[in-house]
There are 2 protein chains.
Amino acid sequence: MIVIGAGPTGENVADRAVRGGLTAAIVESELVGGECSYWACMPSKALLRPVAAVREASHVQGVEGARLVPADVLKRRDSFTHNWKDDSQADWVKNAHIDLFRGHGRLAGERRVSVGETELTARHAVVVATGTRAIVPPVLAGVNPWTSREATSALAVPGRLAIVGGGVVACEMAAAWQALGARVTLLARGGLLERLPGFAGDLVADGLREAGVDVRLRASVTAAERGGFAGGADGGFLEGDAVTLTLDDGTVLEADAVLAATGRAPHTDDIGLRAAGLEPGSWLDVDDTMRVRNVSGGWLYAAGDVNHLALLTHMGKYQGRIAGDAIAARARGAEPAVTDRSSRTCVPQVVFTVPEVAAVGRTPAEAERDGIRTRVVEYDIGNVAGAALFADGYAGKAQMVVDEDRKTLVGVTLAGPGTGEMIHAATIAVASEATLETLWHAVPSYPTISEVWLRLLETYGM
Amino acid sequence: MIVIGAGPTGENVADRAVRGGLTAAIVESELVGGECSYWACMPSKALLRPVAAVREASHVQGVEGARLVPADVLKRRDSFTHNWKDDSQADWVKNAHIDLFRGHGRLAGERRVSVGETELTARHAVVVATGTRAIVPPVLAGVNPWTSREATSALAVPGRLAIVGGGVVACEMAAAWQALGARVTLLARGGLLERLPGFAGDLVADGLREAGVDVRLRASVTAAERGGFAGGADGGFLEGDAVTLTLDDGTVLEADAVLAATGRAPHTDDIGLRAAGLEPGSWLDVDDTMRVRNVSGGWLYAAGDVNHLALLTHMGKYQGRIAGDAIAARARGAEPAVTDRSSRTCVPQVVFTVPEVAAVGRTPAEAERDGIRTRVVEYDIGNVAGAALFADGYAGKAQMVVDEDRKTLVGVTLAGPGTGEMIHAATIAVASEATLETLWHAVPSYPTISEVWLRLLETYGM
């Protein structure tokens, strides 16, 4: 089998297929390890963890002096990205007995992939795991803005950073660069983190403002002009060589760097989709084994961001395991034993901003859309003893969405410091469809923040 | 109904009974709020959280300067204990419509409790929730050592602190006082945290040593002499007025304060147990509604530490809810709808030492004792990307105990920084008896430390 794209998803597909008895080739045009390793999860969290450590230490009476050393934070980031060299990941691929082909992979016909002059033919399947790229909105196209790539890989701290967007990338990068010394203005067309319950975005707006970010909601950029701004792949910029942004209310804003964080498009425009009868540039619609629908012969799979189910590394890896196992099973003439149960209804996500936000499953709005009769219960996490102990003046909120017919949880959102590691409890609760009655006997330890589980159940009426 | 003991357990019993339609009286001889609020969980975690925040910040490249200000840490502790005043808790009792009787409560006959000159008679039930006190071993009795009470409430930092014991109190207080400036020697007769899998104690020994604690394992105190040491309830001590400890290997050790952390005894020696036909000083054996066995008429209950099921605040509160509901149900002539399912097989615990240790359910040894056919899977948490991001050089380990017949988890132990909030996921998994197959679809977020769940399942062979 052949995988196009050696990000975490592609690596997992190939690894599982090899473990299932197949041979596998993986094609990569950039760095083995993909977006996550070099321009997303890893560098962003390498930047954000020091920010969180300082913030947390600064909110505990009896602790003094914690401060960031921006140059060392950037070094830390460089170390986690291996200075954008992929030797160790290429070694991993080799040790996993996967053949690596470097170059641009394109579908060339049924089960065929071209890589430059080379043409590979798969016996069983081809998997597209090419992920996504940032969308740069037209109004910013002329000023050569940062995308998530430059925001995670910039080599120096801009004096003034304007961030256009209100989603995860925008909120995380605002937290990081403000803490590292930039004066950040965040321009969101609506609110922040709008796919989540409103309190999450409200708490993050408060947290970012407390950190010094100029958060402007319901603000749109209507014009952008560049005075020689030198953004680009290396993240360089020239102080004083500013971009001027005009907002819809007439306000004019200057920035030394502008980050476009306004969405993602699938990396499918130049991978030969027509050879499979599909439209270039489209998201790839898959079934619960990650097989692309409506491709005759059923030889094409798509896993990870490119199938648009859940644009998150861990979900891509999960789909990668399912796809790799499914391809190996079908190669043996068997039907896949394990199929996707989570990509549509049990997707966890942690936003590493200030404060952290973590969620899994359906929001109240999504549950309503899916016709589930719900009851929504909320609780201020700051009232939990463990939260008061964790941070002075802890501000946070928890919400659970109960399926009232089945008495199970279909969604949980947690916003507040330290909630990132708390969401897996909710992920297990949602995935296992544990009833509230059962959850009542899962006693949270005192005094941890997790005691909010008890409070939510008590608030429900148990 | 009447409750003897206004700790968190007693408060929960009374509160639930009142919500169930009964009237309730609560008898307390010391402070309303109990050991947990003034001499255990709250002050210890108020001391330990700043220690953890500094330690965590100090293990992240890019963060500098985080340091403890011991006087402020003690102030923080004093604030969490309300300076050992219980006005706010007494107000809570009042607002919960519970009658508070201050004084020493003793059983005086069936459903009767004396408090000084007053005698109260319950219509339905009496609940003992008097908890435990520290055991001072004979060898230390002559030097008037600190117990957990003085260790959590001391007003100043001793120069040299010797801790006798290797359990939770010993490990937590060693971490706290060493960080606050004491030179701590920990003397454990065996290893550390011996009820848990060995790696937990090993990691804590490493962590405490790295923090500067002189950890001596397999060391027993054979003699203790006092040179005028002035320990006591106020935690005072005189520097230079030392205690001399002789160890079994002949070593002699001086300390300005000695903490006896060698176990707990039930607070039942002077509560009139003979009136119920029970032996003073004994633990109280209960059924799954917290009713004491072998008391004619079934009017006596015991919840929390005093029943010896699980000496932890959260388990006491859980049992309190069950007992209060059961008494209210029986008063209505109904059988209790909810009975104890967790106190014997699903007890979570977090040890807030360096590093944190968290566990739930059965250890491999306990599972074997219970005749469960198990497979034990371990994984080094430091190999998880989220752990490497959380702390440079992260050292930690995770273990899951699988019931091989049912393919469920019966126990999980996590040792490492930040694991305290991670254990609730395991508590839900154990309580809900989720199968490994289901847990496979509970995808942990990348890059969190919780991804160790995926690694454990992969290591198992999934």
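Residues numbered from 1 in each chain as written. Chains lettered and ligands numbered in written order. Predicted model: local features only at pLDDT ≥ 70, side-chain atom pairs only at ≥ 80, totals over all residues.

1. Here we look at the overall build of chain A
Along the backbone of chain A there are 15 helices and 24 strands. Taking 23 Å as the expected radius of gyration for a compact globule of 462 residues, we find that chain A reaches 23 Å, a close match to that expectation. Over its C-alpha atoms, taken along the principal directions, chain A stretches across nearly 60 × 60 × 40 Å. A burial count over chain A gives 60% of its 462 residues as buried. (Helix = DSSP H or I, 4+ residues; strand = E, 2+ residues; numbered from the N terminus. Rg over C-alpha atoms; globule rule 2.2 N^0.38 Å. Buried ≥ 20, exposed ≤ 12 C-beta atoms within 10 Å, placed from the backbone.)

2. Topic: the relation of the copies chain B and chain A
Mapping chain B onto chain A leaves a residual RMSD of 0.0 Å; the transformation is a rotation of 180° accompanied by 0.0 Å of translation along its axis. Taken together, the rotation and translation describe the operation of a two-fold axis. Of the residues that chain B buries at the interface, 100% are likewise interface residues in chain A, meaning the two copies contact each other through the same surface. (Least-squares fit on C-alpha atoms with pLDDT ≥ 70 in both. Contact = placed C-beta atoms within 7 Å.)

3. Points about the interface of chain B and chain A
Note on interface size: it is often stated as the accessible area lost on association of the parts. The interface of chain B with chain A comprises 62 residues on the first partner and 62 residues on the second. Ranked by residues supplied to the side of chain B that touches chain A, first place goes to helix α3 (residues 41-58) of chain B with 10 residues. For the side of chain B that touches chain A, the per-class residue count stands at 35 nonpolar, 17 polar and 10 charged. Pairing geometry for strand β3 (residues 63-64) of chain A and strand β4 (residues 67-68) of chain B, over two bridges, is antiparallel. Within β4(B), the position partnered with A:Glu64 by the bridge is B:Arg67. (Nonpolar A, V, L, I, M, F, W, Y, C, P; charged D, E, K, R; others polar. Pairing = 2+ DSSP bridges.)

4. Comments concerning the sheet that holds strand β8 (residues 118-121) of chain A
All names here are of chain A. The strand order β6-β7-β8 describes an open sheet built from three strands, whose pairing is antiparallel. Across the chains shown, the open sheet's two edge strands, defined by having one partner strand only, are β6 (105-109) and β8. Within this sheet the neighbouring strands show an average axis-to-axis angle of 35°, counted without direction. Where β6 and strand β7 (residues 112-115) come together, four bridges link them in antiparallel fashion. What sits directly across from Gly109, in β7, is Arg112. (Axes fitted to C-alpha atoms, helices over the stretch in contact; angles between N-to-C directions.)

5. Regarding the domain arrangement of chain A
Each assigned domain of chain A is listed here: domain 1 (2-33 + 86-133 + 265-331), domain 2 (138-262) and domain 3 (355-460). One C-alpha centre belongs to domain 1 of chain A, the other to domain 2 of chain A; they are set 33 Å apart. (Domains from an automatic or database assignment.)

6. Some thoughts on the nonpolar core
Of all hydrophobic cores here, the largest spans 344 residues; its most connected members are A:Val127, A:Ile163, A:Val258, B:Val127, B:Ile163 and B:Val258. Examining the composition of this core, we find that 11 residues originate from one element, helix α8 (residues 168-180) of chain B, more than from any other. (Core = buried A, V, L, I, M, F, W, Y, C linked by C-beta atoms within 7 Å.)

7. Describing the sheet that holds strand β7 (residues 112-115) of chain B
All names here are of chain B. Read from one edge of the open sheet, three strands run β6-β7-β8, paired in antiparallel fashion. A single partner strand is all that each edge strand has here, and the edge strands are β6 (105-109) and β8 (118-121). This sheet shows a mean twist of 35° between the axes of neighbouring strands, independent of strand direction.

8. A look at the packing of helix α13 (residues 423-432) of chain A against helix α13 (residues 423-432) of chain B
The angle between the axes and the distance between the axes are what describe a pair of packed helices. In the contact formed by α13(A) and α13(B), the axes pass within 7 Å of each other and the chain directions differ by 25°. Taken as axis vectors, α13(A) and α13(B) run roughly parallel relative to one another. Seen from above, α13(A) lies across α13(B) with right-handed handedness. Contacts between α13(A) and α13(B) pair A:His424, A:Ala425, A:Ile428, A:Ala429 and A:Ser432 from the former with B:His424, B:Ala425, B:Ile428, B:Ala429 and B:Ser432 from the latter. (Parallel < 35°, antiparallel > 145°, perpendicular 65-115°, else oblique. Left-handed = near helix turned anticlockwise from the far one by under 90°.)

9. Brief notes about the packing of α3(B) against helix α4 (residues 70-80) of chain B
All names here are of chain B. Viewed as axis vectors pointing N to C, α3 and α4 meet at an angle of 150°, and their least axial separation amounts to 8 Å. Once α3 is placed against α4, the crossing between them reads as right-handed. Counted together, Met42, Pro43, Ala46, Leu47 and Pro50 of α3 and Val73, Arg76, Arg77 and Phe80 of α4 form the full contact between these two elements.

10. Focus on helix α9 (residues 198-210) of chain A
Residues and elements named next belong to chain A. For α9, with 13 residues, the first-to-last C-alpha span of 18 Å sits near the 18 Å given by 1.5 Å per residue. All of the buried residues along α9 are Ala200, Gly201, Leu203, Val204, Ala205, Gly207 and Leu208. Downstream of α9 by one or two residues, Gly212 has phi in the positive range, about 110°. (Expected span 1.5 Å × (residues − 1).)

11. Considerations on the environment of B:Ser220
All names here are of chain B. The residue Ser220 is located in the loop between β13 (214-216) and β14 (221-226) in this model. Taking the C-beta count within 10 Å as the criterion, Ser220 has 16 such neighbours and is therefore assigned partly exposed. Spatially, the C-alpha atoms of Ser220 and Arg189 are 5.2 Å apart, while their sequence positions differ by 31 residues. Apart from the residues lying within four places of it in its own chain, the contact partners of Ser220 are Arg189, Leu247 and Asp248.

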